[in-house]
There are 2 protein chains.
Amino acid sequence: MTTDPSPQLWLYDTTLRDGTQREGLSLSIEDKIRIARRLDQMGVPFIEGGWPGANPKDVEFFWQLREYPLQTAEVVAFCSTRRPHSTAKTESLLEPILNAGTRWVTVFGKSWDLHVTAGLKTTLAENLAMIRDTIEYLCYQGRQVIYDAEHWFDGYKHNPDYALQTLETAIASGAQWLVLCDTNGGTLPQEISQIVTSVISHFSLLTSQQPIPLGIHTHNDSGTAVANALAAVMAGARMVQGTINGYGERCGNANLCELIPNLQLKLGYSCIPQHQLNQLTEVSRFVSEVVNLAPDDHAPFVGSSAFAHKGGIHVSAVERNPVTYEHIRPEQVGNRRRIVISEQSGLSNVLAKARTFGIELDKDQPAARQILQRLKELESQGYQFEAAEASFALLMYEALGNRQQFFEVKGFQVHCDLVEGKETNNALATVKIAVNGENILEAAEGNGPVAALDTALRKALVNFYPQIATFELTDYKVRILNGHTGTAAKTRVLVESGTGYERWTTIGVSPNILAASYQAVVEGLEYGLLLHQVKVRVKDF
Amino acid sequence: MTTDPSPQLWLYDTTLRDGTQREGLSLSIEDKIRIARRLDQMGVPFIEGGWPGANPKDVEFFWQLREYPLQTAEVVAFCSTRRPHSTAKTESLLEPILNAGTRWVTVFGKSWDLHVTAGLKTTLAENLAMIRDTIEYLCYQGRQVIYDAEHWFDGYKHNPDYALQTLETAIASGAQWLVLCDTNGGTLPQEISQIVTSVISHFSLLTSQQPIPLGIHTHNDSGTAVANALAAVMAGARMVQGTINGYGERCGNANLCELIPNLQLKLGYSCIPQHQLNQLTEVSRFVSEVVNLAPDDHAPFVGSSAFAHKGGIHVSAVERNPVTYEHIRPEQVGNRRRIVISEQSGLSNVLAKARTFGIELDKDQPAARQILQRLKELESQGYQFEAAEASFALLMYEALGNRQQFFEVKGFQVHCDLVEGKETNNALATVKIAVNGENILEAAEGNGPVAALDTALRKALVNFYPQIATFELTDYKVRILNGHTGTAAKTRVLVESGTGYERWTTIGVSPNILAASYQAVVEGLEYGLLLHQVKVRVKDF
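Scoring rules and cut-offs
Residues numbered from 1 in each chain as written. Chains lettered and ligands numbered in written order. Predicted model: local features only at pLDDT ≥ 70, side-chain atom pairs only at ≥ 80, totals over all residues. Heavy atoms only, no water. Helix = DSSP H or I, 4+ residues; strand = E, 2+ residues; numbered from the N terminus. Buried < 20%, exposed > 50% of the residue type's maximum accessible area, 1.4 Å probe, protein only. Contact = heavy atoms within 4.5 Å. Pairing = 2+ DSSP bridges. Axes fitted to C-alpha atoms, helices over the stretch in contact; angles between N-to-C directions. Domains from an automatic or database assignment. Expected span 1.5 Å × (residues − 1). Arc of directions from axis to C-beta. Buried area = accessible area lost by both parts, 1.4 Å probe. Salt bridge = Lys/Arg side-chain N within 4 Å of Asp/Glu carboxyl O. Polar contact = N/O pair within 3.5 Å; in protein donor to acceptor, adjacent residues only side chain to side chain. Nonpolar A, V, L, I, M, F, W, Y, C, P; charged D, E, K, R; others polar. Phe/Tyr/Trp six-rings, centres within 6.5 Å; stacked < 30°, edge-to-face > 60°. Lys NZ or Arg CZ within 6 Å of the ring centre and 35° of its normal.

Observations concerning the side chain of Asp31(B)
Structurally, the position occupied by Asp31(B) is in helix H1 (residues 29-42). Its relative accessible area of 2% is what places Asp31(B) among the buried residues. If we ignore the near neighbours within four places in the chain, the residues touching Asp31(B) are Arg479(A), Ser26(B), Val290(B), Asp475(B) and Lys477(B).

Re the sheet that holds strand E3 (residues 74-80) of chain B
What links the strands of a sheet is backbone hydrogen bonding, and the strands pair in either a parallel or an antiparallel sense. Residues and elements named next belong to chain B. Read once around its circumference, the closed barrel built from eight strands follows the order E1-E2-E3-E4-E5-E6-E7-E8, with strand pairing classed as parallel. Pairs of neighbouring strands in the sheet enclose a mean axial angle of 25°, with direction left out of account. Bridge count between strand E5 (residues 144-150) and strand E6 (residues 177-182): four bridges; the pairing is parallel. Counted as the bridge partner of Tyr147 is Leu178 from E6.

Points about the domain arrangement of chain A
One can read the domain layout of chain A as domain 1 (77-272), domain 2 (308-400) and domain 3 (407-464). Averaged C-alpha coordinates put domain 1 of chain A and domain 2 of chain A at centres separated by 48 Å.

Details of the pairing of E5(B)
Residues and elements named next belong to chain B. Among the seven residues in E5, six count as buried, and that is most of the element. In terms of strand pairing, strand E4 (residues 104-110) meets E5 through seven bridges, oriented parallel. Counted as the bridge partner of Gly109 is Ala149 from E5.

Quick notes on the sheet that holds strand E14 (residues 472-480) of chain A
All names here are of chain A. On the basis of which strands lie adjacent, the open sheet formed by three strands has the order E14-E15-E16 and antiparallel pairing. Edge positions in the open sheet fall to E14 and strand E16 (502-510), since each of these has one partner strand only. The mean angle between the axes of side-by-side strands here comes to 15°, regardless of whether they run parallel or antiparallel. Inspection of the sheet shows E14 paired to strand E15 (residues 491-499) by eight bridges, in the antiparallel sense. Paired with Glu472 across the strands is Gly498, a residue of E15.

Some remarks on helix H8 (residues 189-206) of chain B
For H8(B), with 18 residues, the first-to-last C-alpha span of 26 Å sits near the 26 Å given by 1.5 Å per residue. All of the buried residues along H8(B) are Pro189(B), Ile192(B), Ile195(B), Val196(B), Val199(B), Ile200(B) and Phe203(B). Projection of H8(B) onto a plane perpendicular to its axis shows the buried side chains occupying an angular sector of 135°, all on one side. The inward-facing, buried residues of H8(B) contact helix H9 (225-234) of chain A together with helix H6 (152-158), helix H7 (160-172), E6, strand E7 (214-218) and helix H9 (225-235) of chain B.

A few points about the environment of Pro160(A)
All names here are of chain A. Relative to the elements of secondary structure, Pro160 occurs in helix H7 (residues 160-172). When its relative accessible area of 32% is taken as the criterion, Pro160 is described as partly exposed. Separated by 70 residues in sequence, Pro160 and Thr90 have C-alpha atoms that sit 32 Å apart.

Some details on the interface of chain A and chain B
Interfaces are often sized by the amount of accessible area the parts lose when they come together. Taken together, the contact between chain A and chain B spans 94 residues of the former and 95 residues of the latter. Between chain A and chain B, roughly 7700 Å² of surface is buried when both sides are summed, and carbon and sulfur atoms account for 53% of that area. For the pair chain A and chain B, the interface holds one salt bridge. The closest approach of N and O atoms between Glu23(B) and Arg338(A), which form a salt bridge, is 2.6 Å. Summed over the shared surface of chain A and chain B, the result is 27 residue pairs in polar contact (both at pLDDT 80 or more). Counting residues per element, the side of chain A that touches chain B draws most heavily on strand E11 (residues 408-419) of chain A, which supplies eleven residues. A class-by-class count of the residues in the side of chain A that touches chain B yields 39 nonpolar, 33 polar and 22 charged. In terms of strand pairing, E11(A) meets strand E9 (residues 408-419) of chain B through nine bridges, oriented antiparallel. Bridge pairing in E9(B) links Asp417(A) to Gln413(B).

Regarding the packing of aromatic side chains
One pass over the full model with this rule turns up 26 aromatic pairs over all chains. With centroids separated by 5.8 Å and ring planes inclined at 75°, the aromatic side chains of Trp51(A) and Phe78(A) adopt a geometry described as edge-to-face. One end of the pair, Trp51(A), is in the loop between strand E2 (46-50) and helix H2 (56-67); the other, Phe78(A), is in strand E3 (residues 74-80), and 27 residues separate them in sequence. A ring pair is formed by Phe406(A) and Tyr465(A), whose centres lie 5.7 Å apart and whose planes are at 85°; its orientation type is edge-to-face. On the criterion of sequence distance, the pair formed by Phe406(A) in the loop between helix H15 (389-399) and E11 and Tyr465(A) in the loop between helix H16 (449-461) and E14 is long-range, its members being 59 residues apart. Accessibility classification places Phe406(A) together with Tyr465(A) in one group, the buried group. Aromatic rings pair up to connect Tyr12(A), Phe46(A) and Trp104(A) into one cluster. Here the basic side chain of Arg66(A) rests over the ring of Trp63(A), its NZ or CZ set 4.9 Å away from the ring centre. Over the ring of Phe61(B) we find Lys32(B); its NZ or CZ atom is 5.2 Å from the centre of that ring.

Below, the structure is given as structure tokens:
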């Protein structure tokens, strides 16, 4: 269709508006500004900031951005067409839009006759007038307008003539882009492809303007939001709307972290500067951090499992010839290959794993075999290091003789007393540790024994290692091994700790759930101290 | 392409094999059997059980299923082609496959020349011989063979002639199905579509056999696994492989919970009996509970947010005319609209659930509404009854006024004392209960607090209810809710109890892991007593 070797697409991010429709996601003004700046740095050309007027936060967001504008991205204000039987000039909804002071405004309007008559309770003609009047007024005020055609695919399927009329009206009124929205997310790729093709041929017959500036906005209710956007682009759409990590109402919006590499690496379109594509993984994790949602480890391209490999033969094969097992090079999107340490691990896994921690091991080195043997021993006891890389690192340091002992664990006691009705602080933990030969005894209460143990341990250590105050316990998982023997079975606990962006996971195994938890919490603190220490050292050099 | 109003597709579930490749997912034999039975009930025709021989667990799984076979599903054993330069007849890998005693066997083989020469380090001709010999031998042994063509799309792109030869060999050797696998997950829908079309036309020229029995197996590394499978089906594939909730290595496999409704409700294919489609949401949550992974609230079709609606006007609009805001009716997949809790849909769930326990409830009965209300209350506190049906039954009996009180829980104390080196009986539990007005105080030691609690409780009860000695605690699972807040989060415990072949599961929720465990253990004993009691009564009549 195009002869250009790398045709340009325009990305349009709506994480800050449609993304915040996700249940449980809410952003402060500062959060929104941090995300906008990060997307700007990566080279996203359009960033929808919100609907000024719909809430005071969005008004303030646009004001703050005017003082410290973005480098290259256009920040876009979002609003609806004017209300029925008013005029755009006197419509109070449009005042805060103009006050936001953006060059670009996105206006959404109705495409589906049923939404006009049953939802807006007005006539089909008045809806066209609303589109026309709103866009013309915004253009007259010097704005460039993107027209989001809400429910477009459903509208087209029910009444194609009317749906096309809304687009004709928008473009005739001065809109620069027509964005076809699959608002309910029910359309499948093949249908998207056919309909986008029909729209393009309709406009090329109607006007001499070619290509028509079409965009696509999809939702994931059918699990095909990304494929739908790809189908639209391959049929001729040139603007792609989506959100980072696919956040959005119900099942989310099209995920830009999947769309960008598919479009750029596989289909040969140009979305963001090629040398900035390797920021993608970091941007994905940064945004999940700011919105305070656990990142999806299994996310395509950017998840920590996206390039994880198991099994000995497989691992040596992937290192020899990555193309046989990886659809793209992980570094292209800023991710990395991860060798998963599991039961089937051989020496080559261990060496590969050591390298990811910056440890160069030779397969003939005695430490390498010691690590492997210790690994097998622990695995037969129920340890599993696939998800507990920090514990595996500690094991390696120990075998190499350079595991630093920040503190020594002497024991703990836990007492729980539950009488019906008493719900809080029902657990008391006492821990005994030694630091530099000095014995410390510390106690704490908590809602449950693990919280009490964690608190007591931090109290005991924070005077020696103040950085512990910045470590957070971010996740805690329990799995019972050999479930068949019930509560007498072994318990495997995974604890995730972190500071800001850094995350590390440690493991504990014991028939006693509290002992397993304690072990994982202790190693989490130890690895955190090690990580911190290494950083300081690097600075010293 | 087809004139049949509802062309048949064959679903092939690989949750138990490829699904378990997901990092951090591991299943006991009992877990696998529970999942297989649930999929069988929903009407999935092929269930891949595992690779017998690759690990002892899978051998045992097939043996157990032979004793209590599935109703309608075929359970399938999975294996590779024989090794280079051996013979199928003497290949030790194939022995456990035949011993598994399944009617169907899936054999995977290499399609990509590079994997043959660099991976297997053998010749292209020998790889064809391996495919031929293995399939012929299995057919000779009376098995029906599904041939999984590993790395097929990458292989075809690099060397189409050789890739096609592997398929020709498989079909000529007696394979009933040829399944094209996008093992690395890098292919996009349009390419899948083109390649499947080419394969079909290649075979229709080559043989008179039409249509060729093609299957599709996709991975989600590009975020398009579902769209890829749909594209293959629309191009003529008739078997669809995937996993429940899309579990699988790296970014997962094609998600059957998205594929089934797309294929059945939107594209008009027949996958499972139409009246069983409404089991889908429950199956999704059941499997996530069994594998002990938090369900994805934002999952298409089956997620709790998939049909969630915000905002007043929108809500009345969606209630007036659901088609304007919902791509399918949520009840079609057993999910429900979430607004202000739609009592009607919730109530029908409760009634249906009650029926599974032999309780006939009328929707106008006050108890029905009481149950629903209590359910909502508990769900908002983190309870989830999909996999804890025994606790749900107790809740129903309570609302109906016929929950028998075998004993009364007064409280418990637990003391754990761990000093380094002392490993066993480090926990002491004291429980206080009342039976028929008599207070009982009993204490026990155990390896860990939960075992100690369980033992103390049984000691206290066994004199009153000797049948308790026959109850076993068969599984114990822990999930942390709101994991993001670490050890201070709420704990959800599932306890599975049983006598011989009977099994029942109960739930406990609390910020204190021991309190949650205790609650689930207590309800497990109570439900066991109830079950036993009912049986005795039945015998008396």
